[in-house]
Amino acid sequence: MISNNKIKIINLIKNIYFNKKTPISLIHFITNRCNARCSFCFIDFDNPQTFKNELTLEEIGQLTKTLGNTLMNVNFTGGEPFARKDIIDIAKLYIKNSTIKSIYITTNGSLPDRAINFCNEINAFDSSVEINLQISIDDLPERHNKVRKIKDLFESCIELYRKVKLLKLEKVSATVSITVSHENCDNIEKIFNVLTTEYKVDAIKCCIVRDEGVYKTPDEKKRKILEGYSWLTNKIKEYQKNKKIVNYNNTFQGKLHNAKDEISWEMVKEIYLNNNFISNCHAGSLFGIISANGDIFPCEILENKKYGNLRENNMNFMKIWQSELSRKIVKKDIIQKKCRCTYECGMSFNILGNLRYHPKLFLNSIF
């Protein structure tokens, strides 16, 4: 089954540079259920309401028909997204009913068989849709398993990474994603070296831990966290130039992604300690969040700025996204307050939507 929903390039360009009325990427928390209990997680697992009222498959079907005509990517996350046994059906609904061209899944790697089955089934359903599994590994084996509180989790992550590589499917890939936090910042060099040499991992991305929900970064550790993040991003950049790390294919689009990552890393370094304002944020216009229970937010950070709930609006996403309240929040709480953070997903669309970054973006993509 291949979707007939195609994005018209003219609509996409108008939306990114002028209108900014419809999202080009969404993060969908398809569940809050998770078998891990990471120390830096922002989900409040002690609250019994956390696990209630997640959207049903039928409701997600309705939702996916209302996402506009410029949506290119959806990122399934949680919780652990593979904890939902109907994740394949959810993905098929997005492909069938929307204009997406890629599905990213952030996973703790604990359910490798489900993940591999997902890759095979969705690739068979529509081989034109890019699938990327972003597998979280944050430390050496014993420490990683202890922090995330799952026995043999590190080994499961490596198993999943290798199995995805062995599929040899053109549009299916896996990346190890390292979150630099106070738990691992003092050991980040060894973690990187072990992953690349001992385990032969050649696709690595990273992000920096951020204050969100119940998690707060210890003040005394922030400088050390930034030092670890700076070392790691510089090392990934060096390895990419030497082809020891290949996070994207060698197409122009892949080179654009690499260039975007490099710009994003530098922005994070400028913002993290001093909260400097770098550029306008396009969360809430080009990018947004769907929570497990159907709440819509401009981003994960602005969790007190809810646009609305899908169930209360007949599962009509665009009705909420283009409402008077959403426009007010974008203007007052994002633009006028010069909202800034180190949220890498949000930064990607700040870079895309700001012409000031485009000379560097395209130059880095050519050379």
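Scroll up to find the structure this text is about.
Cut-off values and rules
Residues numbered from 1 in each chain as written. Predicted model: local features only at pLDDT ≥ 70, side-chain atom pairs only at ≥ 80, totals over all residues. Heavy atoms only, no water. Helix = DSSP H or I, 4+ residues; strand = E, 2+ residues; numbered from the N terminus. Buried < 20%, exposed > 50% of the residue type's maximum accessible area, 1.4 Å probe, protein only. Contact = heavy atoms within 4.5 Å. Areas by Shrake-Rupley, 256 points an atom, 1.4 Å probe, with all protein chains shown as cover. Axes fitted to C-alpha atoms, helices over the stretch in contact; angles between N-to-C directions. Parallel < 35°, antiparallel > 145°, perpendicular 65-115°, else oblique. Left-handed = near helix turned anticlockwise from the far one by under 90°. Nonpolar A, V, L, I, M, F, W, Y, C, P; charged D, E, K, R; others polar. Core = buried A, V, L, I, M, F, W, Y, C linked by side-chain atoms within 4.5 Å. Phe/Tyr/Trp six-rings, centres within 6.5 Å; stacked < 30°, edge-to-face > 60°. Pairing = 2+ DSSP bridges. 1 Å grid on protein atoms, 1.4 Å probe; cavity = no way out; pocket = protein on both sides within 12 Å on 5 of 7 lines; lining within 4 Å. Points joined across faces, edges and corners; volume = space filled by probe spheres on them. Salt bridge = Lys/Arg side-chain N within 4 Å of Asp/Glu carboxyl O.

Engineer: It is not clear to me how the overall build of the protein should be interpreted in this structure. Could you clarify?
Structural biologist: Of the regular secondary structure elements, the protein holds 13 helices and nine strands. Dimensions of the protein along its principal axes, counting C-alpha atoms only, are 50 × 45 × 40 Å. Counting the 367 residues in the protein, one finds 57% classified as buried. For the protein, restricting intrachain contacts to residue pairs at least 6 apart in sequence, the fraction spanning at least 24 positions comes to 77%. Of the roughly 16,900 Å² that the protein leaves accessible, carbon and sulfur atoms contribute 50%.

Engineer: Could you clarify how one ought to interpret the packing of helix α7 (residues 188-198) against helix α8 (residues 222-241) in this entry?
Structural biologist: Interaxial distance between α7 and α8 falls to 9 Å at its minimum, and their mutual angle equals 30°. Relative to α8, α7 is oriented roughly parallel. The interaxial crossing formed by α7 with α8 has right-handed handedness. Note on element contacts: α8 touches α7 through G228, W231, L232, K235, I236 and Y239, opposite I188, E189, F192 and T196. When the residues that make up the contact of α7 with α8 are grouped by side-chain class, the tally is six nonpolar, two polar and two charged.

Engineer: Got a minute to help me understand the nonpolar core in this structure?
Structural biologist: In a soluble, globular protein the nonpolar side chains are often hidden away together inside. Counting 106 residues, the largest nonpolar core has F76, Y94, I103, F118, L133, L195 and F317 as its most contacted members. Among all residues touching L133, those that are not within four sequence positions of it are F82, I105, A115, C119, L160, V164, S173, A174 and T175.

Engineer: Teacher, can you tell me more about the packing of aromatic side chains here?
Structural biologist: For the structure on display, the rule yields eight aromatic pairs. A ring pair is formed by F192 and W231, whose centres lie 5.8 Å apart and whose planes are at 80°; its orientation type is edge-to-face. Of this pair, F192 sits in helix α7 while W231 is found in helix α8, placing the two residues 39 residues apart along the sequence. Relative to F349, the ring of F287 has its centre 5.5 Å away and its plane inclined at 15°; by these criteria the two rings are stacked.

Engineer: Hey, could you run me through the packing of helix α5 (residues 141-148) against helix α6 (residues 153-167) in this one?
Structural biologist: Two measures define how a pair of helices packs: the angle their axes make with one another and the distance between the axes. In contact at an axis separation of 7 Å, α5 and α6 are set at 105° when each is read in the N-to-C sense. It follows that α5 is roughly perpendicular to α6 by the angle criterion. Judged by residue contacts, P141, H144, N145 and R148 of α5 engage L153, F154, E155 and C157 from α6. Taken together, the residues that form the contact of α5 with α6 break down as four nonpolar, two polar and two charged.

Engineer: Would you take a moment to explain the sheet that holds strand β5 (residues 172-180) for this structure?
Structural biologist: Each strand in a sheet pairs with another by means of backbone hydrogen bonds, the pair being arranged parallel or else antiparallel. Strand order in the open sheet formed by nine strands is β6-β5-β4-β3-β2-β1-β7-β8-β9, with mixed pairing between adjacent strands. Each having just a single partner strand, β6 (204-208) and β9 (308-309) make up the two edges of the open sheet. Running over the sheet, helix α3 (residues 87-97) touches β1 (25-29), β2 (73-77), β3 (102-107) and β7 (287-290) and is turned about 165° from β2.

Engineer: Would you take a moment to explain the environment of D261 for this structure?
Structural biologist: Inspection of the secondary structure assignment puts D261 in helix α9 (residues 252-271). Look at D261 and you get buried, because its relative accessible area is 10%. Spatially, the C-alpha atom of D261 lies 26 Å from that of A91, the residues being 170 residues apart in sequence.

Engineer: Sorry if this is basic, but what is going on with empty space enclosed by the protein here?
Structural biologist: A probe matching the size of a water molecule, rolled over the atoms, marks out where space remains unfilled. With the rule as written, the count across this model stands at two cavities of 30 Å³ or more. Lining the largest cavity are M267, I271, I278, S279, C281, C339, R340, C341, Y343, G346, M347 and N350. Within the residue set of the lining of the largest cavity, elements represented by two or more residues are α9 and α12 (344-353). For the lining of the largest cavity, the element with the highest residue contribution is α12, accounting for three residues.

Engineer: Is there a simple way to explain the environment of L166 in this structure?
Structural biologist: Tracing the backbone through its elements, the reader meets L166 in helix α6. You can call L166 exposed: its relative accessible area is 65%. As for L166 and V209, which are separated by 43 residues in sequence, their C-alpha atoms are 31 Å apart.

Engineer: Sorry if this is basic, but what is going on with the pattern of salt bridges here?
Structural biologist: Note on pairing: side chains with opposite charge can pair once their charged atoms come close. This model, assessed by the stated rule, comprises 20 salt bridges. In this structure, E54 engages R33 in a salt bridge whose closest nitrogen and oxygen atoms are separated by 2.6 Å. Taken together, the positions of E54 in the loop between β1 and α2 (57-63) and R33 in the loop between β1 and α2 put the pair 21 residues apart, joining distant regions of the chain. Judged by relative accessible area, which is 33%, R33 ranks as partly exposed. E227 serves as the salt-bridge partner of K224, at 3.7 Å between the closest nitrogen and oxygen.

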